[in-house]
Amino acid sequence: MSAGVDRDISEEWALAADAADPLGGFRSEFCIPRENGREIAYFCGNSLGLQPRATRQAVIDELDYWAELAVEGHFRGRLPWMDYHEFVRDDLAMMVGAKPIEVVAMNSLSVNLHLLMVSFYRPSAGRAAILIEKSAFPSDRYAVEAQVRFHGYDPEDALIELEPDQADGTLSDAAILAAIEQHGSRLALVLLPGVQYLTGQALDLHAISKAAHASGCMVGFDLAHAVGNMELQLHDAGCDFAVWCSYKYLNSGPGAVAGAFVHERHATTTRPRFAGWWGHEKSTRFKMGPQFRPTPGADGWQLSNPPILALAPLRISLQVFQRAGFAAVRGKSRALTGYLEWLIAQRVSDVLAVVTPKQASRRGCQLSLRVKGPRESGRKLFEHLQGDGIVVDWREPDIIRAAPVPLYNRFADCRRLIESVVRWRDAQ
Ligand SMILES: *Cc1c(COP(=O)(O)O)cnc(C)c1O
């Protein structure tokens, strides 16, 4: 199946590949939306992952504990709310390649980015700059600019933007490392994505962290499109912090509780932070003393007691990954995305150009597809796919993003997408 040498474009091949897929059974653990009685082909897990079937009951269970136990639910029930964020810790650590003390589920991504920049963006007159990519996700850009201004600096000179140096709009590793070296003495922070949201390109977190530290600055990553999608080894990569959201590949629902990583070397840091009672040492938190003493590790950045109804879906979703095993998930991801890319080359290379890098180590499951020809025709193709029960997304001016997600997408879904493009082209 994964070798791809014997693949052909027939429907029989796709169905046989699905039948032979060891992870094939996981699809039935997800709610697949239907349109006109038929399951849709869903390629938008990069934006909002599908709902695991077990999630509903897990949320209802917490509602029941609340109804039956009220305040006692903090201490009783199967999973007492007092410790609830700890019930996802080990699985989260596994997902990002971290030690349990380095991760915490809390807040939302943009909030976590601000909280960690409070501690790890400490500009000084000679070293005030942040290196980001020019096409950074808007929220990241707003956050970074706001932090620069908050410290009294001017984004005009304190924001250094990395421009794509490749013709296809991606960044070469060499260009990233050269920029860090070139601006290194002025940089307080390097903030880059794990997987770029527009192009689907995965960056080398290890090399970037090493280069940033060699230049004497901090380094953080936004893993919104990387977590649950790529194999991550954050502890070994050595970055200072990372943040991610959980509603994309982590399938934890709209606005799900996000995550943060703080490297073990900062576990007992005395850097400034915005403190709240849930970050206080657990053993003495309820002594309610006036002095803040942070819990060692990522937990020490928590502010509030966590939203239990929103954490339950994350707990369930991480268990699905745990049962599947991430190596198997990633193995299927490579095969599925490779198949989609191959079908495009075989069938519709006159319509679609793949922007995402070819090597499996430089991408996750998402392919960003540039629609050839004028913008209008790209938009029309997108609308045609929607009408055909195929959900992808559209990014101006000419990009269709399609993410075959290994836990619930099938080889037959990829084929259905491409055959629909063929029908559209042939009708032009
Ligand atoms: C999805 C995404 C976000 C979303 O931010 P929220 O705070 O969760 O709304 C931020 N950054 C990147 C790169 C993203 O892809």
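Residues numbered from 1 in each chain as written. Predicted model: local features only at pLDDT ≥ 70, side-chain atom pairs only at ≥ 80, totals over all residues. Heavy atoms only, no water.

Regarding its fold elements, the protein chain presents 13 helices and 15 strands. For 428 residues, the compact-globule formula gives about 22 Å, and the C-alpha radius of gyration of the protein chain, at 22 Å, lands near that figure. In terms of its C-alpha atoms, the protein chain occupies a principal-axis envelope of roughly 70 × 60 × 35 Å. Residues counted as buried form 57% of the 428 residues belonging to the protein chain. Counted over contacts in the protein chain with a minimum sequence separation of 6, partners at least 24 positions apart contribute 69%. In the form shown here, the protein chain has an accessible surface area of approximately 17,800 Å², with 54% of it arising from carbon and sulfur atoms. A gap of 1 Å separates the mean positions of the 46 positive and 50 negative side-chain charges of the protein chain. (Helix = DSSP H or I, 4+ residues; strand = E, 2+ residues; numbered from the N terminus. Rg over C-alpha atoms; globule rule 2.2 N^0.38 Å. Buried < 20%, exposed > 50% of the residue type's maximum accessible area, 1.4 Å probe, protein only. Contact = heavy atoms within 4.5 Å. Areas by Shrake-Rupley, 256 points an atom, 1.4 Å probe, with all protein chains shown as cover. Lys, Arg positive; Asp, Glu negative; His and termini not counted. Charge placed at Lys NZ, Arg CZ, Asp CG, Glu CD.)

The next subject is the sheet that holds strand β15 (residues 399-402). Overall, antiparallel pairing links the 4 strands, which are arranged β11-β12-β15-β14 in an open sheet. With one partner strand each, in any of the chains shown, β11 (352-354) and β14 (393-395) form the two edges of the open sheet. The average undirected angle you get between the axes of adjacent strands in this sheet is 35°. Sheet topology places β14 next to β15; 3 bridges connect them, and they run antiparallel. Counted as the bridge partner of Arg395 is Ile399 from β15. This element, helix α12 (residues 375-387), spans β11, β12 (367-371), β14 and β15 of the sheet and lies at about 165° to β14. (Pairing = 2+ DSSP bridges. Axes fitted to C-alpha atoms, helices over the stretch in contact; angles between N-to-C directions.)

The next point concerns the site of the ligand. In the vicinity of the ligand, the contacting residues are Leu109, Ser110, Phe137, Asp140, Asp222, Ala224, His225, Cys245, Tyr247 and Lys248. The side chain of Tyr247 places a nitrogen or oxygen atom 2.6 Å from an oxygen atom of the ligand. Between an oxygen atom of the ligand and a side-chain N or O atom of Lys248, the distance comes to 2.6 Å. Protein coverage of the free-state accessible area of the ligand, which is 390 Å², stands at 83%. Across the shell around the ligand, the residue classes tally to 5 nonpolar, 2 polar and 3 charged. (Near = heavy atom within 4 Å. Polar contact = N/O pair within 3.5 Å; in protein donor to acceptor, adjacent residues only side chain to side chain. Nonpolar A, V, L, I, M, F, W, Y, C, P; charged D, E, K, R; others polar.)

Read across the sheet, 7 strands follow the order β4-β10-β9-β8-β7-β5-β6 without closing on themselves; strand pairing throughout is mixed. The open sheet has two edge strands, β4 (103-105) and β6 (159-162), and neither has a second partner. Looking at each pair of strands side by side, their axes are set apart by 15° on average, direction ignored. Sheet analysis places strand β9 (residues 241-244) next to strand β10 (residues 259-262), joined by 4 bridges and oriented antiparallel. Along β10, the bridge assignment pairs Ala242 with Phe261. Along the sheet face, helix α3 (residues 89-96) touches β4 and β9 and points at about 120° away from the line of β4.

To continue, consider the pattern of salt bridges. All chains considered together, the criterion is met by 31 salt bridges. Between Glu86 and Lys282 there is a salt bridge, with its nearest N and O atoms 2.9 Å apart. Placement of the pair is Glu86 in the loop between α2 (55-69) and α3 and Lys282 in the loop between β10 and α10 (308-324), with a sequence separation of 196 residues. The class for Glu86 is partly exposed, based on a relative accessible area of 23%. Between Glu161 and Lys134 there is a salt bridge, with its nearest N and O atoms 3.9 Å apart. Within this pair, whereas Glu161 is found in strand β6, its partner Lys134 is found in the loop between β5 (129-133) and α5 (138-150), the two being separated by 27 residues in sequence. Because the salt bridges share partners, they merge into one network encompassing Arg27, Arg34, Glu39, Arg410 and Asp413. (Salt bridge = Lys/Arg side-chain N within 4 Å of Asp/Glu carboxyl O.)

Enumeration according to the criterion identifies 15 aromatic pairs in this entry. With a centroid separation of 5.1 Å and 80° between ring planes, the pair formed by Phe137 and Tyr197 is classed as edge-to-face. With Phe137 in the loop between β5 and α5 and Tyr197 in the loop between β7 (187-193) and α8 (205-214), the pair connects residues that are 60 residues apart, well separated along the chain. You can call Phe137 partly exposed: its relative accessible area is 35%. Connected via pairs of aromatic rings, a cluster forms that spans Trp13, Tyr339, Trp342 and Phe411. (Phe/Tyr/Trp six-rings, centres within 6.5 Å; stacked < 30°, edge-to-face > 60°.)

This part covers the packing of α12 against helix α13 (residues 411-426). The geometry of α12 relative to α13 is characterised by a closest axis approach of 10 Å and an angle of 125° between their N-to-C directions. Relative to α13, the element α12 is oriented oblique. Viewed along their axes, α12 and α13 form a crossing whose handedness is right-handed. Between α12 and α13, the residues in contact are Ser377, Lys380, Leu381, His384 and Leu385 and Leu417, Ser420, Val421 and Trp424, respectively. (Parallel < 35°, antiparallel > 145°, perpendicular 65-115°, else oblique. Left-handed = near helix turned anticlockwise from the far one by under 90°.)

Residues of β15 alternate between two faces, with Ile399 and Arg401 on one and Ile400 and Ala402 on the opposite face, all of them buried. Sheet analysis places β12 next to β15, joined by 4 bridges and oriented antiparallel. Counted as the bridge partner of Ser368 is Arg401 from β15. Between β14 and β15, which pair antiparallel one after the other, the connecting turn spans 3 residues.

Okay, the layout of surface pockets next. Roughly 330 Å³ of volume is contained in the largest pocket. Lining the largest pocket we find 20 residues, and of these Leu203, Asp204, Leu205, Met230 and Glu231 sit closest to its centre. Listing elements by their share of the lining of the largest pocket, those giving two or more residues are α8, α9 (234-237) and α11 (326-347). Among the residues making up the lining of the largest pocket, the classes are represented as 10 nonpolar, 4 polar and 6 charged. When residues of the lining of the largest pocket are sorted by domain, at least three fall in each of domain 1 (11-30 + 325-427) and domain 2 (59-321). (1 Å grid on protein atoms, 1.4 Å probe; cavity = no way out; pocket = protein on both sides within 12 Å on 5 of 7 lines; lining within 4 Å. Points joined across faces, edges and corners; volume = space filled by probe spheres on them. Domains from an automatic or database assignment.)

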